[in-house]
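Residue-level listing of the chains:
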Amino acid sequence: MATIFHQFYENKSAFLNPCDVVEKISGFPEVCITTFSEGMIKDFTEKNRVKVIADLYSANGAIPVYEIEYANKKMGLFLSRVGAPACAAGLEEIIAMGAKKVVQFGCCGILNQAAADGKIIVPSSAVRDEGTSYHYVSGSEEISADASSNDIAVRYLKKHKIPYTVGKIWTTDAIYRETPEAIEERKKQGCIAVEMECSASLAVARFRNIPIIQFFYGADNLDCDQWEIRDLTDYGLSLSDKYMTIALECGIAF
């Protein structure tokens, strides 16, 4: 495993590249908003005027890419698939279509209630407990977020007095292997939340030289004796307007 994850190939040209499967689109929105909740995307597109400008294709089906307008600025909106490999592939293709900046948000599991419960979580860095990021950035235990991108989110959250925290995230590929031992180890490292895509998204953005703003909202709770599902299965829908507004405002400030 050490050979696989620490032998990084810097060549920007792969055998198969995003531009081989998608075409650059003239006039494609510079800023794209993406989340993992299909319900949240559906809710927004039903309430607002949108236009389908592209599709992301896989064996799972097609994902529409929408052009939206907010505060007189055109932006893209699309659903990211859950899991680091699928999420990274979507980002790659969106960038190949013409995106220059990305705002990505989704839910996470709380590892530190005192630090993160009830707050928007802005990642300062992510523990790379997944495989995708190692194909984009050389091997290391963590990957840091871009401070200037984080500042955009923090400024908005401060201005509107939205509770938030900035902290380390644990990105894992295996949601059913978050063992008590692993959770305790990540907590000792300073991780305040766990999810599945943050480190890979940061790696793709760094490799393609694309700024990305990320934030998370707590869903389930792992900082307890027994798992608390809370509103995990709501997929953020009950507070959809709040989360989308934060993302859109970050897109405007980008």
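Described below are features of the structure shown in this document.

### Concerning the pairing of strand β3 (residues 61-70)
- Bridging between strand β2 (residues 51-58) and β3 involves seven bridges; their strand directions are antiparallel. In the strand pairing of β3, Lys 51 is matched with Glu 67.
- Where β2 folds back onto β3 in an antiparallel hairpin, the turn is made up of two residues.
- Two strands pair when backbone bridges link them, and β3 and strand β4 (residues 73-79) are joined in this way by five bridges, in the antiparallel orientation. The partner of Glu 67 across the bridge, within β4, is Gly 76.

### Things to note about the packing of helix α3 (residues 84-97) against helix α7 (residues 198-207)
- As a packed pair, α3 and α7 sit with axes 9 Å apart at the nearest point and diverge in direction by 30°. The angle between α3 and α7 places the two elements in the roughly parallel class. The element α3 and its partner α7 pack so that their crossing is right-handed. Residues Ala 84, Cys 87, Ala 88, Leu 91, Glu 92 and Ile 95 of α3 form the contact with α7, whose participating residues are Ala 200, Ser 201 and Val 204.
- Looking at side-chain class alone, the contact of α3 with α7 contains seven nonpolar, one polar and one charged residues.

### Points about the nonpolar core
- In this structure, Ile 33, Ile 94, Phe 105 and Ile 121 are the most contacted members of the largest nonpolar core, which totals 67 residues.
- Setting aside chain neighbours within four positions, we find Ile 33 in contact with Met 75, Gly 76, Leu 77, Phe 78, Val 103, Phe 105, Ala 247, Leu 248 and Gly 251.

### A word on the pattern of salt bridges
- Scanning the model with the defined rule gives 10 salt bridges in all.
- Linking Asp 241 and Lys 47 is a salt bridge whose minimum nitrogen-to-oxygen distance equals 3.6 Å. One end of the pair, Asp 241, is in helix α8 (residues 240-253); the other, Lys 47, is in helix α2 (residues 38-47), and 194 residues separate them in sequence.
- Since its relative accessible area comes to 53%, Lys 47 is described here as exposed.
- One salt bridge in this structure joins Asp 117 and Arg 230, with 2.6 Å as the shortest N-O distance.

### Things to note about the packing of aromatic side chains
- Under the criterion given, the structure shown has three aromatic pairs.
- Ring centres of Tyr 136 and Phe 207 lie 5.5 Å apart, and the angle between their planes is 80°; on these two criteria the pair is classed as edge-to-face. A residue pair is termed long-range when its members are at least 10 positions apart, and Tyr 136 in the loop between β6 (120-129) and β7 (142-144) and Phe 207 in helix α7 qualify at 71 residues.
- On the basis of relative accessible area, Tyr 136 is assigned to the buried category, the value being 15%.
- Judged by relative accessible area, Phe 207 falls into the buried class, the value being 12%.
- Where Tyr 217 meets Tyr 243, the ring centres are 4.0 Å apart and the plane angle is 10°; that geometry is what we call stacked. Of this pair, Tyr 217 sits in strand β10 (residues 212-221) while Tyr 243 is found in helix α8, placing the two residues 26 residues apart along the sequence.
- Directly above the ring of Trp 170 sits Arg 186, whose terminal nitrogen or CZ lies 5.7 Å from the centroid.

What counts as what
Residues numbered from 1 in each chain as written. Predicted model: local features only at pLDDT ≥ 70, side-chain atom pairs only at ≥ 80, totals over all residues. Heavy atoms only, no water. Pairing = 2+ DSSP bridges. Helix = DSSP H or I, 4+ residues; strand = E, 2+ residues; numbered from the N terminus. Axes fitted to C-alpha atoms, helices over the stretch in contact; angles between N-to-C directions. Parallel < 35°, antiparallel > 145°, perpendicular 65-115°, else oblique. Left-handed = near helix turned anticlockwise from the far one by under 90°. Contact = heavy atoms within 4.5 Å. Nonpolar A, V, L, I, M, F, W, Y, C, P; charged D, E, K, R; others polar. Core = buried A, V, L, I, M, F, W, Y, C linked by side-chain atoms within 4.5 Å. Buried < 20%, exposed > 50% of the residue type's maximum accessible area, 1.4 Å probe, protein only. Salt bridge = Lys/Arg side-chain N within 4 Å of Asp/Glu carboxyl O. Phe/Tyr/Trp six-rings, centres within 6.5 Å; stacked < 30°, edge-to-face > 60°. Lys NZ or Arg CZ within 6 Å of the ring centre and 35° of its normal.

None of this, on its own, says anything about what the molecule does.
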